[in-house]
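Topology and contacts: notes
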Amino acid sequence: MKKRFFTLFLIIILISCSVSAEGYNVWLHNVNIVIDTDGSSEITEKFHLSFNTEEDKINFRKTSIELGSDLKKFEDFDEMFSPTIGLNNIINGKITYGEGEDNYLEIKYGLADTLMAKGKETTLVEEYSIKANYLNKLFQSGLWIIPDNTTIVVELPPGAEIRETVSPDAIIDSIGTRKTITWSGYKSANKLNIKYVLWKKINPIFDLNKFTNFLFRTNEGLIIIGILLFVIGAIIWKRKYFSSKIENFVENNTVFEEE
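Let us look at the structure shown here. Per chain, residue numbering runs from 1 following the sequence as it is written. Two thresholds apply to this predicted model, a pLDDT of at least 70 for residue-level local features and 80 or more for giving and counting side-chain atom pairs, whereas whole-chain, interface and lining totals are computed over all residues. Note that water and hydrogens are dropped before the side-chain values are worked out from all heavy atoms of the structure.

**Things to note about the overall build of the chain**
- Helix and strand assignments follow DSSP, with helices taken as H or I runs no shorter than four residues and strands as E runs no shorter than two, numbered in order from the N terminus. Assigned secondary structure in the chain consists of six helices and 14 strands.
- Under the scheme applied here, a residue whose accessible area is under 20% of the maximum for its type counts as buried, over 50% as exposed, and between as partly exposed, the area being computed with a 1.4 Å probe on protein chains only. Buried positions account for 32% of the 259 residues belonging to the chain.
- Contacts in the chain between residues at least 24 apart in sequence constitute 61% of all its contacts with a sequence separation of at least 6.
- For the chain, the accessible area works out to roughly 17800 Å², and carbon and sulfur atoms hold 57% of it. Residue contacts are counted whenever heavy atoms from the two residues lie within 4.5 Å of one another. To measure how exposed things are, a 1.4 Å probe is used in the Shrake-Rupley method; for residues, cover is taken only from the protein chains shown.

**Some points on the pairing of strand β5 (residues 116-121)**
- The pairing criterion is simple: DSSP has to find at least two bridges between the two strands. As paired elements, β5 and strand β6 (residues 125-130) share four bridges and run antiparallel to each other. Each residue of the ladder has a partner; that of M116, found in β6, is I130.
- Here β5 hands over to β6 after three residues, the two strands then running antiparallel side by side.

**Quick look at the sheet that holds strand β10 (residues 161-167)**
- Ordered by their spatial adjacency, four strands build an open sheet running β5-β6-β14-β10, and the pairing between neighbours is antiparallel. Looking at strand neighbours, the two that pair on one side only are β5 and β10, the edges of this open sheet. For this sheet the average axis-to-axis angle between neighbouring strands, irrespective of direction, equals 20°. Think of each axis as a best-fit line through the C-alpha atoms, taken over the contacting stretch in the case of a helix, with angles from 0 to 180 degrees between the N-to-C directions.

**Describing a nonpolar patch on the surface**
- Patch criteria: residues need more than 30% relative accessible area and no salt bridge. Like-charged residues are merged within 9 Å; nonpolar side chains of Val, Leu, Ile, Met, Phe, Trp and Tyr are merged within 5 Å. Salt bridges are counted wherever a side-chain nitrogen of Lys or Arg sits within 4 Å of a carboxyl oxygen of Asp or Glu. Among the surface-exposed residues, F211, F214, I224, L228, I232 and I236 lie close enough to one another that they form a single nonpolar patch of about 530 Å² accessible area.
- Mapped by element, the contributors of at least two residues to the nonpolar patch are α4 (208-217) and α5 (219-237).
- Ranked by the residues each element gives to the nonpolar patch, the list is headed by α5, at four residues.
- The residue I224 is located in helix α5 in this model.
- Given a relative accessible area of 37%, I224 falls into the partly exposed group.

**Notes on the sheet that holds strand β8 (residues 143-146)**
- If you walk across this open sheet you meet the three strands as β7-β8-β13, and the pairing is antiparallel. If you trace the sheet from one side to the other, it starts and ends with β7 (139-140) and β13 (187-189), each paired once.

**Concerning the packing of aromatic side chains**
- What counts as a ring pair is set by centres within 6.5 Å for rings of Phe, Tyr and Trp (its six-membered ring), and what kind of pair is set by the plane angle: stacked under 30 degrees, edge-to-face over 60, tilted for all other angles. Inspection of the entire model under this criterion finds ten aromatic pairs.
- A ring pair is formed by F60 and F81, whose centres lie 6.2 Å apart and whose planes are at 75°; its orientation type is edge-to-face. Residue F60 is found in helix α2 (residues 54-67), and its partner F81 is found in the loop between α3 (71-77) and β3 (90-98); the two are separated by 21 residues along the sequence.
- Given the relative accessible area of 3%, F60 is considered buried.
- F81 sits in the buried class, given a relative accessible area of 0%.
- With a centroid separation of 4.8 Å and 55° between ring planes, the pair formed by F139 and W144 is classed as tilted.
- Through a chain of ring-to-ring contacts, three or more aromatic side chains come together here, namely Y24, F47, F51, F60, F77, F81 and Y97.
- Above the ring of Y104, the side-chain terminus of K46 is found at 4.2 Å from the ring centroid. Sitting over a ring, as applied to charges here, requires NZ of Lys or CZ of Arg to be within 6 Å of the ring centre and within 35 degrees of the ring normal.

**Side note on the pattern of salt bridges**
- Tallied over the full model, the rule gives eight salt bridges.
- What you see here is one network of salt bridges that share partners, running through K118, E121, E126 and K200.

**Here we look at the layout of surface pockets**
- Put simply, the largest pocket is a space of about 290 Å³.
- Throughout, the protein atoms alone are placed on a 1 Å grid, and a set of points is a cavity if a 1.4 Å probe fits but cannot get out or a pocket if it is open with protein on both sides within 12 Å along at least five of seven lines; lining residues have an atom within 4 Å of a point. Along the wall of the largest pocket there are 17 residues; nearest its centre are H29, M80, P147, D148 and T150.
- Secondary structure elements with two or more residues in the lining of the largest pocket: α1 (2-22) and β1 (24-35).
- If you tally residues by element for the lining of the largest pocket, the top one is β1, at four residues.
- Here the lining of the largest pocket is composed, by residue class, of eight nonpolar, six polar and three charged.
- As a volume, the second largest pocket reaches approximately 150 Å³.
- Residue lining of the second largest pocket: L71, K72, E75, S82, P83, L87, N88, I90 and K137, and that is the complete set.
- Sorting elements by how many residues they give to the lining of the second largest pocket places α3 first, with three residues.
- For this scheme, ten residues count as nonpolar: Ala, Val, Leu, Ile, Met, Phe, Trp, Tyr, Cys and Pro. Four count as charged, namely Asp, Glu, Lys and Arg, and the remainder, Gly too, count as polar. Broken down by class, the residue content of the lining of the second largest pocket amounts to four nonpolar, two polar and three charged. Grid points are joined across faces, edges and corners, and a volume is the space filled by probe spheres set on the points.

On their own, these measurements won't tell you what the molecule is for.
Printed below as a string of structure tokens:
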């Protein structure tokens, strides 16, 4: 019994040592996803760090300089610093370390393919839905899980209208003309779903700009303007002649009855 207790105690000590040996802790993880009108996205992740000691902070700074902006090197250093979205579909990735009032590691990247899948399309709207498999890092034991101290914000394209219920439960808000969907952990659901529609721009039947450009910037338009000015000028010049003709016509065709 004492031997088992000693073994358990030793395991706990070893785990504690391995954790504290890292010298840092991610106390907040922010993921911001900005969706464009075609379903493509730009993603920024921030790992907010706290350090056990000032020496740990200096060591992490030295490590960040050695690793540079290579995402793969940071992931090999600590798999926690790997992109949350897209997995093997990352492009234009870069990572930076910043210090100040807040110490953080920031990852910025895009995806080789669109994060949003295009669905039904009509003459008025286009439908889009999120590719859940691009967030497989959040899928555990049959559930989609937003971990503790993790916030994911999805900024939809300007004018997007959310359709169906967002899952997991989220806070729906707006930044200007963009709807925002915010997941703040801990949250879990058996489904990950975002679906929205974009209204198509309807071209007007009469385009005033095109008509103006045609009139004043083409030879044909200038000829039409010249003809119209000539006709208007002729009407003004002959207005007395036309007035007298009208008066004579009215006088000759009016019958007055005697009482």
